[in-house]
Amino acid sequence: MSETSKRPQFTETVRRELYERRVLVLDGVLDDDNGALLATQLITLATEDQSADISLWIHSPGGSVPAMLAIRDVVRTIPNDVSTLVLGIAYSAGQFLLSGGTKGKRKALPHARVLMHQGSAGIGGSAVDIELQADDLRHTRDTVLGLIARDTGQPVERVFEDSLHDHWYTAEEAREYGFIDTIVQSFDDYKPRNQITPGFSGAVGGGAR
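Parameters and conventions
- Residues numbered from 1 in each chain as written.
- Predicted model: local features only at pLDDT ≥ 70, side-chain atom pairs only at ≥ 80, totals over all residues.
- Heavy atoms only, no water.
- Helix = DSSP H or I, 4+ residues; strand = E, 2+ residues; numbered from the N terminus.
- Buried < 20%, exposed > 50% of the residue type's maximum accessible area, 1.4 Å probe, protein only.
- Contact = heavy atoms within 4.5 Å.
- Areas by Shrake-Rupley, 256 points an atom, 1.4 Å probe, with all protein chains shown as cover.
- 1 Å grid on protein atoms, 1.4 Å probe; cavity = no way out; pocket = protein on both sides within 12 Å on 5 of 7 lines; lining within 4 Å.
- Points joined across faces, edges and corners; volume = space filled by probe spheres on them.
- Nonpolar A, V, L, I, M, F, W, Y, C, P; charged D, E, K, R; others polar.
- Axes fitted to C-alpha atoms, helices over the stretch in contact; angles between N-to-C directions.
- Parallel < 35°, antiparallel > 145°, perpendicular 65-115°, else oblique.
- Core = buried A, V, L, I, M, F, W, Y, C linked by side-chain atoms within 4.5 Å.
- pLDDT = per-residue confidence, 0-100.

Caption draft 1: Local environment of the overall build of the protein chain. Secondary structure assignment for the protein chain yields eight helices and seven strands. Here the protein chain, with 209 residues, has 43% of them falling under the buried criterion. Considering only intrachain contacts with a sequence separation of at least 6, the fraction spanning at least 24 residues in the protein chain is 76%. Just so you have it, the protein chain exposes about 10,900 Å², and 54% of that area is on carbon and sulfur atoms.

Caption draft 2: Main features of the layout of surface pockets. If you add up the space inside the second largest pocket, you get close to 210 Å³. Contributing elements (two or more residues each) for the lining of the second largest pocket: strand 2 (54-60) and strand 3 (82-91). Among the residues making up the lining of the second largest pocket, the classes are represented as five nonpolar, two polar and eight charged.

Caption draft 3: The arrangement of helix 2 (residues 12-20) in detail. Burial in helix 2 covers these residues: Arg15, Leu18, Tyr19 and Glu20. Considering only its buried residues, helix 2 is in contact with strand 1 (23-27), helix 3 (32-48) and strand 2.

Caption draft 4: Spotlight on the packing of helix 3 against helix 4 (residues 65-77). The contact between helix 3 and helix 4 brings their axes to 9 Å, and the two run at 5°. Classified by the angle between their axes, helix 3 and helix 4 sit roughly parallel to one another. Between helix 3 and helix 4, the contacting residues are Asp32, Gly35, Leu38, Ala39, Leu42 and Ile43 on the first element and Ala67, Ile71, Val74 and Val75 on the second. Broken down by class, the residue content of the contact of helix 3 with helix 4 amounts to eight nonpolar, one polar and one charged.

Caption draft 5: Representation of the nonpolar core. Formed by 42 residues in total, the largest nonpolar core has its most connected members in Leu24, Leu30, Leu42, Ile71, Leu97, Ile148 and Phe179. Apart from the residues within four sequence positions on either side, leucine 42 is in contact with Leu24, Ile54, Ile71, Val74, Val75, Ile78 and Val82. Formed by six residues, the second largest nonpolar core is a distinct cluster that contains Leu18, Val25, Leu85 and Val184.

Caption draft 6: Layout of empty space enclosed by the protein. Across all of its chains, the model carries two cavities of 30 Å³ or more by this definition. The calculated volume of the second largest cavity comes to roughly 40 Å³. Leu56, Ile71, Arg72, Val75, Thr84, Phe96, Leu97, Gly100 and Gly101 together form the lining of the second largest cavity. It is helix 4 that contributes the most residues to the lining of the second largest cavity, three residues altogether. Here the lining of the second largest cavity is composed, by residue class, of five nonpolar, three polar and one charged.

Caption draft 7: The environment of glutamate 161, seen in detail. Relative to the assigned elements, glutamate 161 resides in helix 7 (residues 156-163). Placed 43 residues apart in sequence, glutamate 161 and glutamine 118 show a C-alpha to C-alpha distance of 9.9 Å.

Caption draft 8: Here's a closer look at the confidence of the model for the protein chain. For the protein chain, the mean per-residue pLDDT works out to 86, and 81% of the residues sit at or above 70. Across residues 1-5 the pLDDT falls below 50, and counting only partners more than four positions away or on other chains, this stretch makes two contacts in the model. A low-confidence stretch, residues 199-209 stays under pLDDT 50, and its non-local contacts, those more than four residues away or across chains, total 33 contacts.

This is the structure:
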């Protein structure tokens, strides 16, 4: 493999240009680092302009549950509408963030795929530790599935059943289920705003490393 082919194409310059147009990108696994960065970027953009929309573009296989819950909390507390778009895949945590966008502004490219499942976690230790971990996992699961039900308009019971095993959705199936509202038909459906965000400073990161 040549050095050129190893070089990352989604550079900090590109991220900066998108950020200045109020576009944030989750491009890979969501972890605690890029999750905290996305949450703080949302807050910064909302502080700079409390009325303009913020876009969150997603191409992610999933990741950190605490990070995705933190981002959703920020999305629901800032005054701005947050438009979400799945570029290729929105799996697990990616699906959660996609469907957690502002109703009417959740989108997918025509050949995008969405995956919903309960995820998995290792449990170990003493019997008391295992019981405590299991209780915490059940609480987290019920919280996440309840929010998905609220965002999609589906009954909690259906979301629970559908999440027991990996369940993939095409863009059209995702729209029917309620993960998204529209399927992108043209560039005008998602093109970034032309106005540049004032006062930009520092690294913008935004995606998985």
